[in-house]
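Each chain is listed here by its residues.
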Amino acid sequence: MMNRRHFIKNLSMVAGSSLAMAPNMQALAKIVEPTPPLSSKAQFARSLKKNPGLIGFANITENFALTGLTIEGRMPDDLSGTFYRIGPAGHERGDLRYQHLFEGDGMLHSFHFSGGKIFHQGKFINTPKFAKEKQAGKFIYSGPDTKISGARAVHHADEINSSNTNVISVGDKLWTLWEAGSPMQVNPQTLDSSHWVNLGQNSPFEQSLKGMPFSAHPKVDPGGDIFNFGLNGNGQAVLYHLSANGRMKNAAVVNAGYRGMLHDFLITHKHILLILPSLSPNGAGKGFFQRTRFEKEQPMRVLVIDKAELTIKKGYQLPPGFAFHFGNAWEERDGTIHFDASLYPDDSSLHNLSAVMKGQVNKHTSRSQTVLYTLKAKGGFTQQYIDGDSEFPKVYDHLVGHRNRLLYTTGHKHNPLWADSIRKLNTDTGAVDEYYYGEDYLVEEHVITTNKADEGSGYLLGTALHLPSKRTCINLFQADNLSQGPIMRAWLPYHIPLGFHGNFQRS
Amino acid sequence: MTKTAAKLFIFSTFALSSFFVHSADIQLEITGVKSAQGKLYIQLFNGEENYNQGNAELATITKAKPGNASLTFQDVDNGEYALRFYHDENNNGKLDSNLFGMPTEGYGFSNNALPNFGPAKYQEMKFQISDGDIKLSSKIIY
C-alpha cells in the first residue's frame with residue numbers, strides 16, 4: 001500500500017488546478033436572468049407572420065429524409081461529390097426559445113451530386129446534449145446566453161457542445177465543429193453522429209487534448225495538413241497541427257492575452273496568424289455573447305506564430321476592428337505578410353443575431369467590408385478598404401497560405417437581414433464580378449469546388465432561401481463568371497434553416 | 001482504595017464514552033465507475049481551510065471495478081468534512097488533465113457536489129460528523 005503521507009502529497013498537487021473548471025467555462029457561466037422564455041418565442045412567432053424572411057430562423061424539429069431536387073439549367077459533367085453544410089436548427093424546446101442564433105442545436109445537410117441528379121438529406125448532430133434534451137422534451141442545460149431555470153450542472157464544454165458551426169472532411173470521416181469543445185465524428189453517407197473526437201488519441205498527446213476547444217475554422221494547407229486553434233477564457237490559446245487523417249502532429253499552448261471572442265484565424269506557408277479583434281468581456285452577470293463588447297480604444301492585434309514550433313514570434317497592432325472571418329494570408333520572402341478580413345467597425349452584427357431570435361429585424365447593423373492588410377517585416381502596416389460589403393470569404397484550396405488573387409465573398413445590397421449577393425474580387429486589380437440574387441432570396445455562404453489547381457477554374461456553389469415559395473435552392477456558378485448568373489439551380493420542395501459553413505467534397 | 005478505584009472507573013468510563021461518542025466511521029459508496037482499469041483515490045478533508053489548501057485528514061486507495069465501490073474511513077473525529085475522489089485509470093498516481101487543466105479522468109465529491117461552469121463548491125460537498133457513523137454515496141463524473 002502506498003505510503004499515506006506520500007499519497008496525500010500527490011493528491012494535493014492535483015487539487016489546485018485539475019479539479020477546477022477551465023476559465024473559459026467559468027466565463028460562460030456568468031449568465032443573466034433572461035427575458036421570460038415565453039415572450040421570446042411568442043415575439044418571434046408574431047414577427048414571423050409579418051416578416052417571411054424570418055422563416056430562416058424558425059425552429060426545426062425533425063430530420064430531413066433523402067429527397068431529390070428539381071434541377072433547372074445544366075448540370076456539368078465534371079461535377080460529382082457532396083456539398084456539406086451545417087448550422088443551428090434546433091432553436092426551441094417546449095416554451096423556450098434560445099436567446100442567440102449561435103446557441104441552436106446543429107443540423108448537418110448534404111447535397112449529393114451524382115449522375116446528373118442531386119439528393120438532399122439533413123440530420124441533427126446527435127450530441128449528448130441533443131439526445132438528452134430530445135428525450136426530456138425540453139432544454140436541460142443553460143446555453144452561453146440563455147439561462148434555463150433549474151438547469152443541470154455543466155462539468156465540461158462538450159456537455160453543451162451543439163456542434164453547429166462548420167463541417168470538414170478528415171480522412172474518410174466528417175468532423176462537425178463548434179468552437180469551445182471537441183469535433184463530432186460523423187458518417188459522410190448516413191450523417192449519423194458517432195463520438196467526440198479525442199484530438200490526442202493515437203498520438204504522443206494521448207489524453208492531454210481531450211475536451212479541448214477546437215475552433216470551427218481549421219485551415220488545410222495545400223499539402224493536406226490541418227491547422228487550428230482553440231481559445232481559453234483566461235487568455236490562453238491552444239494551437240494544433242494535424243495530419244490529413246486527423247492524427248495530431250503537434251499541439252502547444254501560447255499566451256494570447258485575449259479574453260474576447262475569436263472565431264477564425266489564418267495561416268501562411270510559415271506562420272499561424274491569430275488576429276485578435278477589439279472585443280472584451282464587459283458586463284458582469286450577462287451571457288457570453290451579451291457581454292462580448294467592442295472596445296473602440298483596443299487595437300486589433302496580430303500574433304505571428306511559427307508553424308513548426310508553435311511559438312509566438314512577433315506581434316502587430318492594427319486600428320480597432322472586429323471580424324468574424326478572414327479569407328487568406330500569404331507571405332513574401334522578406335517576411336512581409338498579407339491578409340484580408342471582412343471587417344466590421346463595431347459589434348452590432350454579433351448582437352443583432354440575438355435580436356433576430358426575438359423577431360427584431362429593423363435594428364441597425366453595421367456592415368463588414370473587405371480590408372486588405374500588409375504587415376511589414378520590420379514592423380508597421382498598411383490597410384486598404386475595398387468598397388462594398390463582404391462576408392464568408394473563400395479562396396481556392398490550393399492557395400491557402402499562399403498568394404491568392406481572387407477572393408469570393410457574400411454581400412448585402414439591399415436586404416438588411418442576410419446576404420443577397422455574391423462577389424469575386426481580384427485583389428491585385430480591384431476588378432469585381434458579382435451577382436445579385438434579388439430581393440426574394442437570402443443568400444448563404446458559397447464555396448469553391450474545382451478539380452484543377454488553377455485559380456478561377458471550377459465552380460462556386462451555395463444555397464439560398466427563396467422567400468416567396470419558402471424553398472431553399474442550391475446554385476452553381478462558373479467561378480470565373482458570376483455575373484452571368486447561376487448555370488444550374490436545383491430546388492428543394494421545402495426550406496432549410498439559414499446556416500453557417502460548409503465544404504464541397506469531390507468524389 | 002475503593003474510592004480511588006471508583007474515581008479511576010469514572011474517569012475511564014468518561015474517556016471511553018468520549019472516544020466512542022465523538023468519533024465515527026464514514027462509509028462511502030462511489031457509483032458509476034466505468035471500468036476495472038487502475039485505482040480509485042479518495043481523500044477526506046477536515047474543514048474548508050484544509051480543503052482549499054489540499055491538506056487531507058485521511059486518504060485511501062481502492063482497486064477500480066465497474067459499477068460501485070465501497071470504502072470506509074474509521075474513527076473520524078466529530079467535525080465538518082468533505083470528500084473528493086478520482087479514478088486513476090492509467091495508474092500514474094494522479095488525476096490527469098488536458099492542456100487547459102480540465103480533468104480527463106473520472107472524479108467526484110461528497111454530497112454529489114458538481115462543478116458547474118467552474119469548480120465544485122466546498123459548501124456543497126461538506127457534511128458533519130457528530131456522534132454517529134454515516135453512509136454517503138456519490139456518483140463519479142467522467
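Starting from 1, residues in each chain are numbered consecutively following that chain's sequence as written. Chains carry letters from A onward and ligands carry numbers from 1 onward, assigned in written order. Thresholds applied to this predicted model are a pLDDT of at least 70 for local features of residues and 80 or more for the giving and counting of side-chain atom pairs; totals over whole chains, interfaces and linings are not thresholded and use all residues. Hydrogens and waters are ignored; side-chain quantities use all the structure's heavy atoms.

Per an unreviewed UniProt entry, chain B is named DUF2141 domain-containing protein, and its organism is Thalassomonas haliotis.

> Summarise the overall build of chain B; cite the residues concerned and give the values.
When helices and strands are tallied, chain B shows 3 helices and 8 strands. The buried label goes to any residue with under 20% of its type's maximum accessible area, the exposed label to any with over 50%, and the partly exposed label to all in between, with areas taken from a 1.4 Å probe on protein chains only. By the burial criterion, 45% of the 142 residues in chain B qualify as buried. Here chain B displays about 7200 Å² of accessible surface, and carbon together with sulfur accounts for 53% of that area. Secondary structure is summarised from DSSP: a helix means a run of H or I of at least four residues, a strand means a run of E of at least two, and numbering begins at the N terminus for each. Per-residue and other accessible areas were derived by the Shrake-Rupley procedure at a 1.4 Å probe size, with only the shown protein chains allowed to occlude residues.

> Provide a residue-level description of the overall build of chain A, including the pertinent values.
When helices and strands are counted, chain A shows 5 helices and 34 strands. Its C-alpha atoms give chain A a radius of gyration of 22 Å, near enough to 23 Å, the size a compact globule of 507 residues would have. A principal-axis box enclosing the C-alpha atoms of chain A has dimensions of 80 × 60 × 45 Å. Contacts are residue-level and defined by heavy atoms, with any inter-residue pair within 4.5 Å sufficient. Counting contacts in chain A only where the partners sit at least 6 residues apart, residues at least 24 apart contribute 60% of the total. With the radius of gyration taken over C-alpha atoms, the globule rule is written as 2.2 Å times the number of residues to the power 0.38.

> Give me the lowdown on the pairing of strand E1 (residues 23–33) of chain B, citing residues and values where you can.
All names here are of chain B. If DSSP finds at least two bridges between two strands, the strands pair. Pairing analysis gives 8 bridges linking E1 to strand E4 (residues 67–77), with the strands arranged antiparallel. If you follow isoleucine 30 over to E4, its bridge partner there is alanine 69. Where E1 meets strand E8 (residues 134–139), 6 bridges bridge the pair, whose relative direction is parallel. Of the residues in E8, the one forming a bridge with threonine 31 is lysine 139.

> Can you lay out helix H4 (residues 128–136) of chain A for me, pointing to particular residues and giving the numbers?
Residues three or four positions apart in an α-helix share a direction because the helix packs 3.6 residues into each turn. All names here are of chain A. Of the residues making up H4, those classed as buried are Lys129, Phe130 and Glu133. Buried residues of H4 fall within an arc of 95° about the axis and therefore sit on the same side. Residues of H4 that are buried sit in contact with strand E4 (92–93), strand E6 (105–114) and strand E7 (117–124). Within two residues after H4, glycine 137 carries a phi angle of roughly 75°, on the positive side. Summarising the geometry, the arc corresponds to the directions from the helix axis toward the C-beta atoms.

> Quick rundown of the side chain of asparagine 352 of chain A? Include the residues and the values.
All names here are of chain A. In this fold, asparagine 352 is placed in helix H5 (residues 348–355). What qualifies as a polar contact is a pair of N or O atoms within 3.5 Å, subject to a donor-acceptor requirement within protein and to the restriction that residues adjacent in sequence count only when both atoms come from side chains. Here histidine 364 takes part through its backbone oxygen, which lies 3.0 Å from a polar atom of the side chain of asparagine 352. Not counting chain neighbours up to four residues away, the residues in contact with asparagine 352 comprise Lys363, His364 and Thr365.

> Residues and numbers for the pairing of strand E27 (residues 406–411) of chain A, please.
Residues and elements named next belong to chain A. Taken across its 6 residues, E27 has 6 buried, putting it largely inside the fold. The alternating pattern of E27 places Leu406, Tyr408 and Thr410 and Leu407, Thr409 and Gly411 on opposite faces, both of which are buried. Where strand E26 (residues 391–394) meets E27, 2 bridges bridge the pair, whose relative direction is antiparallel. Counted as the bridge partner of glutamate 391 is threonine 410 from E27. Note that E27 and strand E28 (residues 421–426) share 6 bridges and pair antiparallel. Looking at the pairing, leucine 407 lines up with leucine 425 of E28.

> Could you give an account of the pattern of salt bridges, with specific residues and numbers?
Residue and element names in this part refer to chain A. Counted as salt bridges are all cases of a side-chain nitrogen of Lys or Arg within 4 Å of a carboxyl oxygen of Asp or Glu. Applying the stated criterion across every chain, the model contains 15 salt bridges over all chains. The partner of lysine 313 in a salt bridge is glutamate 309, with the nearest N and O atoms 2.9 Å apart. Accessibility expressed as a relative area gives 46% for glutamate 309, which makes it partly exposed. Among the ionic pairs, glutamate 445 bridges to lysine 394, the shortest N-O distance being 3.7 Å.

> Describe in detail H5 of chain A, supporting the description with residues and values.
Residues and elements named next belong to chain A. When you tally the buried positions in H5, you get 8 out of 8 residues, the bulk of the element. Those residues of H5 that sit buried are Ser348, Ser349, Leu350, His351, Asn352, Leu353, Ser354 and Ala355. Packing partners of the buried residues in H5 comprise strand E19 (292–294), strand E22 (322–331) and strand E23 (337–344).

> Mind laying out the sheet that holds strand E32 (residues 471–478) of chain A, listing which residues take part and the relevant values?
Residue and element names in this part refer to chain A. With respect to topology, 5 strands assemble into an open sheet ordered E2-E33-E32-E31-E30, the strand pairing being antiparallel. Strands at the two margins of the open sheet, each flanked by one partner only, are strand E2 (70–73) and strand E30 (441–449). Each neighbouring strand pair of the sheet contributes to a mean axis angle of 20°, computed without reference to strand direction. As paired strands, E30 and strand E31 (residues 459–466) are joined by 7 bridges and run antiparallel to one another. Axes here mean lines fitted to C-alpha atoms, for a helix over just the part in contact, with angles spanning 0 to 180 degrees between N-to-C directions.

> Kindly report on the sheet that holds strand E34 (residues 501–506) of chain A, identifying the contributing residues and their values.
Residue and element names in this part refer to chain A. The antiparallel open sheet is built from 5 strands, whose spatial order is E1-E7-E6-E3-E34. Where the open sheet ends on each side, the last strands, each with one partner, are strand E1 (64–68) and E34. Each adjacent strand pair in this sheet contributes to an overall mean axis angle of 15°, direction not counted. Both E6 and E7 contribute to a ladder of 8 bridges, which runs antiparallel. Residue phenylalanine 111 lies in a different strand from E7, and its bridge partner there is histidine 120.

> I'd like a description of the packing of aromatic side chains, backed by residues and values.
Residues and elements named next belong to chain A. Two rings from Phe, Tyr or Trp (for Trp, the six-membered ring) form a pair when their centres are within 6.5 Å of each other. A pair whose planes differ by under 30 degrees is stacked, one over 60 is edge-to-face, and the rest are tilted. Going through the model one piece at a time under the given rule, you end up with 28 aromatic pairs over all chains. Consider the rings of tyrosine 435 and tyrosine 437, whose centres lie 5.2 Å apart with planes at 70°: the pair is edge-to-face. Assessed through its relative accessible area of 5%, tyrosine 437 is described here as buried. Chaining the aromatic ring pairs together yields one cluster made of Phe102, Phe288, Phe289, Phe322, Phe324, Tyr344 and Phe500. In this analysis the charged atom, NZ for Lys or CZ for Arg, is taken to sit over a ring once it is within 6 Å of the ring centre and within 35 degrees of the ring normal. Sitting above the plane of the phenylalanine 44 ring, arginine 97 keeps its charged end 3.5 Å from the centroid.

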